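As a plain string of letters, each chain reads:
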Amino acid sequence: MELLARLRSGDEQAFIILVRRHHAAMLRLAGTFVPSFAVAEEVVQDTWLGVLRGISAFQGRSSVKTWLFRILVNRARTAGVRERRTVTLGEEPAVDPVRFDQAGQWASPPQHWAEDADDRMQAAKVADRIRSAIEDLPPRQRQVVTLRDLDGLGSADVCSILQISAANQRVLLHRGRSRLRQLIETEFGRI
Amino acid sequence: MRVNLRPRSRDLACQQAVELVTGYLEDALSPAARRRFETHLAGCPHCTEYLAQMRATIKLTGELTPADLTPGMQAELIALYRRWKDEPRTE
């Protein structure tokens, strides 16, 4: 709150601190709603202006980060073209059904992931692959995974930011994480 | 009443267990479902490995850092801030 008080009183340094702290994550989140980096940049700039203009409205009921992200998501949704407002939750198994036998037991079980996977070169390569796999997730899954696992927000905050139910949040998270696990498994198998 | 699709009603199949992983990690399972899941894990090294992999996935994902703020963008935002400061206030 102190930072916001400084911001309200016209302290430019407070704004710079806030920008350094949150801008990159905001850009990343905006990118899950809009089709290009340029549009994402515009959305985030527009968000910052909205934040400054609405600074006196911030009540401190949520964290600053959650508040910023909510403003961002409202703006990104207006600018976004990729998103469908309704969540369609059809069947999407966590693991390819061909890997189970008829009784539903593993036929092709997951192999143990080597602990030495943090070899530097390899880690960088895996990180790149995860990054692009996240970009390839369906937008709603990508938004939830980004907020939960990249930004480290809790489920209640994520529901509030994205305006979705706890149950939907969990389904989207489950599917997103399951896809990423699958990808990493494939990646480790290749190394 | 629960409909049993499996041969032994109290046992989870692995294919069902993998669908419960997020609910388990989110602590969103009913006490009974949680017990069944944990009982399954205790007897199934493959699903135990699967759960470990989901945890590792979350950890690896969490290590991704967003791109750095470019000096150009920071300059633009400072300019934006100064424009805002010069805006006439209505309050």
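Conventions we followed
Residue indices begin from 1 for each chain and proceed along its sequence in written order. The naming scheme follows written order: chains are lettered A onward, ligands numbered 1 onward. A pLDDT threshold of at least 70 governs which residues receive local features in this predicted model, and a stricter bar of 80 or more applies before side-chain atom pairs are shown or counted, although totals over entire chains, interfaces and linings include all residues. The numbering of helices and of strands both runs from the N terminus, where a helix is a DSSP run of H or I of at least 4 residues and a strand a run of E of at least 2. Any pair of residues counts as being in contact when their C-beta atoms, constructed from backbone geometry, are within 7 Å of one another. Only Asp, Glu, Lys and Arg are considered charged, only Ala, Val, Leu, Ile, Met, Phe, Trp, Tyr, Cys and Pro nonpolar, and every remaining residue, Gly among them, polar. Residue burial is a threshold on neighbouring C-beta atoms within 10 Å of the residue's own C-beta, all placed from the backbone, with 20 or more meaning buried, 12 or fewer meaning exposed, and counts in between meaning partly exposed. Domain delimitation follows an automatic or database domain assignment. Angles shown run from 0 to 180 degrees and are taken between the N-to-C directions of axes, each axis being a line fitted to C-alpha atoms and, for helices, limited to the stretch in contact. In what follows, roughly perpendicular refers to angles from 65 to 115 degrees, roughly parallel to angles under 35, roughly antiparallel to angles over 145, and oblique to any angle outside these ranges. Whether a crossing is left-handed or right-handed is set by the direction in which the near helix is turned from the far one by less than a right angle, anticlockwise for left-handed and clockwise for right-handed. We define the nonpolar core as any set of buried residues of the types Ala, Val, Leu, Ile, Met, Phe, Trp, Tyr and Cys, connected via C-beta atoms lying within 7 Å of each other.

Asks: Quick one: what's the story with the overall build of chain B, residue by residue and with numbers?
Replies: Within chain B one finds five helices and zero strands. Mapped from its N terminus to its C terminus, chain B presents α and β elements in the order α-α-α-α-α.

Asks: So, the interface of chain A and chain B: which residues are in play, and what are the values?
Replies: Across the contact, 45 residues belong to chain A and 37 residues belong to chain B. At the level of secondary structure, the elements contributing two or more residues to the side of chain A that touches chain B comprise helix H2 (12–30), helix H3 (37–53), helix H5 (120–136), helix H6 (139–150) and helix H8 (166–190) of chain A. Ranked by residue count, the leading element in the side of chain A that touches chain B is H2 of chain A, at 10 residues. Split by residue class, the side of chain A that touches chain B holds 25 nonpolar, 10 polar and 10 charged.

Asks: Pulling in residues and values, what's your account of unusual backbone geometry?
Replies: Here the phi dihedral of Gln 163 of chain A falls at roughly 55°; this positive angle occurs in a residue that is not glycine. Given 11 C-beta atoms within a 10 Å radius, Gln 163 of chain A is considered exposed.

Asks: Requested: an account of the domain arrangement of chain A, with residues and values cited.
Replies: Residue and element names in this part refer to chain A. What the domain assignment reports for chain A is domain 1 (2–79) and domain 2 (97–190). Those elements giving two or more residues to the side of domain 1 that touches domain 2 turn out to be H2 and helix H4 (64–79). Its residues assigned to classes, the side of domain 1 that touches domain 2 shows four nonpolar, three polar and two charged.

Asks: Could you give me a rundown of the packing of H6 of chain A against helix H7 (residues 155–162) of chain A, with the residues and numbers involved?
Replies: Residues and elements named next belong to chain A. The N-to-C vectors of H6 and H7 enclose an angle of 140°; their axes lie 10 Å apart at closest approach. Between H6 and H7, the interaxial angle falls into the category oblique. The hand of the H6/H7 crossing is right-handed. On the side of H6, the interface is formed by Gln 143, Val 144, Leu 147 and Arg 148, while H7 contributes Val 158, Ile 161 and Leu 162. Counted by class, the contact of H6 with H7 contains five nonpolar, one polar and one charged residues.

Asks: How would you summarise the environment of Gln 59 of chain A if you had to cite specific residues and measurements?
Replies: Residues and elements named next belong to chain A. Tracing the backbone shows Gln 59 in the loop between H3 and H4. For Gln 59, a count of 7 C-beta atoms within 10 Å gives the class exposed. Expressed as a C-alpha distance, the spacing of Gln 59 and Ala 38, which sit 21 residues apart in the sequence, is 31 Å.

Asks: Tell me about the nonpolar core, and name the residues and values.
Replies: With 42 residues, the main nonpolar core has Met 26, Ala 30, Val 44 and Leu 72 of chain A as its most contacted residues. When residues of this core are traced back to their parent elements, those giving at least two are H2, H3, H4, H5, H6, H7 and H8 of chain A together with helix H5 (71–86) of chain B. When residues in this core are grouped by element, the largest group, eight residues, is from H2 of chain A. Per-domain counts for this core show at least three residues from each of domain 1 (2–79) and domain 2 (97–190) of chain A. When sequence neighbours within four positions are dropped, the list of residues in contact with Leu 72 of chain A reads Met 26, Leu 29, Ala 30, Val 43, Val 44 and Thr 47 of chain A. Listed in part, the 17 residues of the second largest apolar core include Trp 106 of chain A together with Val 18, Leu 20 and Val 21 of chain B.

Asks: Could you give an account of the environment of Ile 55 of chain A, with specific residues and numbers?
Replies: All names here are of chain A. Following the sequence through the fold, Ile 55 ends up in the loop between H3 and H4. For Ile 55, a count of 14 C-beta atoms within 10 Å gives the class partly exposed. With residues up to four places along the chain from it excluded, the contact list for Ile 55 reads Leu 4, Leu 7 and Arg 8.

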